[in-house]
Amino acid sequence: MATAIALRYIDEHPYEDEIWDWKSGVLMHGFSELYQVTGEQRLHDYYQSWLDYRIDQGYQIVWSDSCPPAITAVALLSEAPNDDYQSVVDNTLEYLDLISPRTEEGGISHNGILGNRLSVWLDSLFMFGMVLNRWGELADPDRLDMESEQIQIFADILQDDNGFMRHAQDWPGYDESVYWARGNSWVVASLADYLRIRVERDQTDPDVEQIFREHVRAIIGSQDEETGRWLTVMSHPDEPDNYLETSATALFSYGIARAYRYGILGDAGRKVALKAIEGVKEMIVDGGDGPVVTGVSTATDPWSLQEYLDVAVEDDVNYGVGVAILALIETSGLPK
C-alpha cells in the first residue's frame, strides 16, 4: 500500500514542484525509508533528483522548518560520500550550533532568524531532531547527546504533569489548554527514533525514556476507541468543530510501533499502533489512478482553540503522504 501511494504521488507531482521546506522534507524522508525496505528505484530517483535540483536552485536554512531536507541528505550519504549532500548536513548543523537563537533555557527557537520572539515549538523536535538522530547514528554520536539535551529542555518547558505537551512556549494568542495532536505526534515519532538508536547501540537514556513513556501514556488515553484515530485537539473532545486527523494518527502509529519493536513499549503499545494504522487505512481512498491519503490538516501555528479547529483539511498533502508511508512501513508485520 505504501509503495502504491508513493508511486501515484510521483506520477502526479513533479519533483521540481516540491520546495525546500519541512513539508517536502517529510515526504522525501518517507520515500527514502520506503526505498530502504523495498528497493523501488523510482523512489530513490525521485528524492535524489529533488535534492539535487534544490541544491542547484539554492537554499537557505533559517528556522527549524528549513532543516528536514537534511534528513534526505543523510540517507544519501549513507550510500556514498558526496560533497553537495555533506554541505547540506554541515550547513544544517552550523545553523543549529551557531546561528539559531536559543531561549533562556537553551532551547533552539523554532522561528530561528525569521522572528523576533524566542520560543520553542513541539514541531522542532522532529524538524531538527530527526537530522540529529540520523547524523548521530551515521557519523557523529555527539549529535545524539545534543538531541537528548534538547528533548529534555523542550519537555521541561512544554510537558505538563498529565504527560501531554503544549504547542509552544509563551506565544501571543496561543491557548495553552490546547494539546495539538500533530504537534504531540511529531514528538512521539522523533523520540521513538532517538530511543531506537540508543537501543541499537546498547545504550540507555533514562531521562528521555521517562519523558517518552509519560507522553505516550497520555496519547494512548486520548485515542478514539471507534476509529483508532486522534482528534486534532486532544484536550477538547466535546468541541463540535473538532475532527479526527490523519497525519497525527499516522505519526502516533509510527512512533508507538517503533518503540514496541525495540522493546521500549510493551504489548499495549502494539495494540494501539495496530488500531491506529487501521484508522489511517480507512483514510486512504482510491483516487482513480491509485491510493490517496485524505483528511490531513494543513499547516498550523500556535493559536486560539477555534483557530486550531478551523484549520483546513485537505487530501494528497505531501507531508501527510510521507507520514502515512512511515506508519505503514513500521506497522507492517506486527503480530495481530
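Located above this text is the structure these notes cover.
Residues numbered from 1 in each chain as written. Predicted model: local features only at pLDDT ≥ 70, side-chain atom pairs only at ≥ 80, totals over all residues. Heavy atoms only, no water.

(A) Structural detail: the layout of surface pockets. Of the volumes computed, that of the largest pocket is approximately 260 Å³. Every residue lining the largest pocket is counted, 14 residues in all, and those nearest its centre are Glu33, Ala75, Ser78, Arg134 and Glu137. The element contributing the most residues to the lining of the largest pocket is helix H2 (residues 22–38), with four residues. Grouping the amino acids of the lining of the largest pocket by side-chain chemistry returns five nonpolar, four polar and five charged. In this structure, the second largest pocket spans a volume of roughly 160 Å³. Taken together, Gln152, Ala155, Asp156, Gln159, Asp160, Asp161, Gly163, Asp207, Gln210, Ile211 and Glu214 make up the lining of the second largest pocket. (1 Å grid on protein atoms, 1.4 Å probe; cavity = no way out; pocket = protein on both sides within 12 Å on 5 of 7 lines; lining within 4 Å. Points joined across faces, edges and corners; volume = space filled by probe spheres on them. Helix = DSSP H or I, 4+ residues; strand = E, 2+ residues; numbered from the N terminus. Nonpolar A, V, L, I, M, F, W, Y, C, P; charged D, E, K, R; others polar.)

(B) Structural detail: helix H11 (residues 246–261). Spanning 16 residues, H11 covers 22 Å between terminal C-alpha atoms, matching the ideal 22 Å at 1.5 Å per step. Where H11 terminates, the next one or two residues include glycine 263, which has phi positive at roughly 75°. (Expected span 1.5 Å × (residues − 1).)

(C) Broad picture of the packing of aromatic side chains. Tallied over the entire structure, the rule returns 17 aromatic pairs. Ring centres 6.1 Å apart and planes at 70° place the aromatic pair phenylalanine 128 and phenylalanine 154 in the edge-to-face group. Within this pair, whereas phenylalanine 128 is found in the loop between helix H6 (124–127) and helix H7 (129–138), its partner phenylalanine 154 is found in helix H8 (residues 142–158), the two being separated by 26 residues in sequence. Taken individually, phenylalanine 128 and phenylalanine 154 each receive the classification buried, so the pair is uniform in this respect. Taken together, a centroid distance of 4.7 Å and an interplanar angle of 55° make the contact between tryptophan 230 and phenylalanine 252 tilted. Here tryptophan 230 is found in strand S1 (residues 230–231), whereas its partner phenylalanine 252 is found in helix H11, with 22 residues between them in sequence. For the pair shown, tryptophan 230 and phenylalanine 252 are each scored as buried. (Phe/Tyr/Trp six-rings, centres within 6.5 Å; stacked < 30°, edge-to-face > 60°. Buried < 20%, exposed > 50% of the residue type's maximum accessible area, 1.4 Å probe, protein only.)

(D) Representation of unusual backbone geometry in the model. Phi at aspartate 202 takes a positive value of approximately 55°, unusual for a residue other than glycine. Examined against the element boundaries, aspartate 202 turns out to sit in the loop between helix H9 (181–200) and helix H10 (206–221). Not every positive phi belongs to a glycine, and aspartate 316 is a case in point at roughly 60°. By the secondary structure assignment, aspartate 316 is in the loop between strand S6 (313–314) and helix H14 (318–331).

(E) Region of interest: a negative patch on the surface. Taken together, the side chains of Glu104, Glu105, Asp156, Asp170 and Glu176 make up a negatively charged region of the molecular surface. Summarising the element assignment, glutamate 176 is placed in the loop between H8 and H9. The exposure class of glutamate 176 is partly exposed, given its relative accessible area of 37%. (Patch = residues over 30% accessible without salt bridge, like charges linked within 9 Å, V, L, I, M, F, W, Y side chains within 5 Å. Areas by Shrake-Rupley, 256 points an atom, 1.4 Å probe, with all protein chains shown as cover. Salt bridge = Lys/Arg side-chain N within 4 Å of Asp/Glu carboxyl O. Lys, Arg positive; Asp, Glu negative; His and termini not counted. Charge placed at Lys NZ, Arg CZ, Asp CG, Glu CD.)

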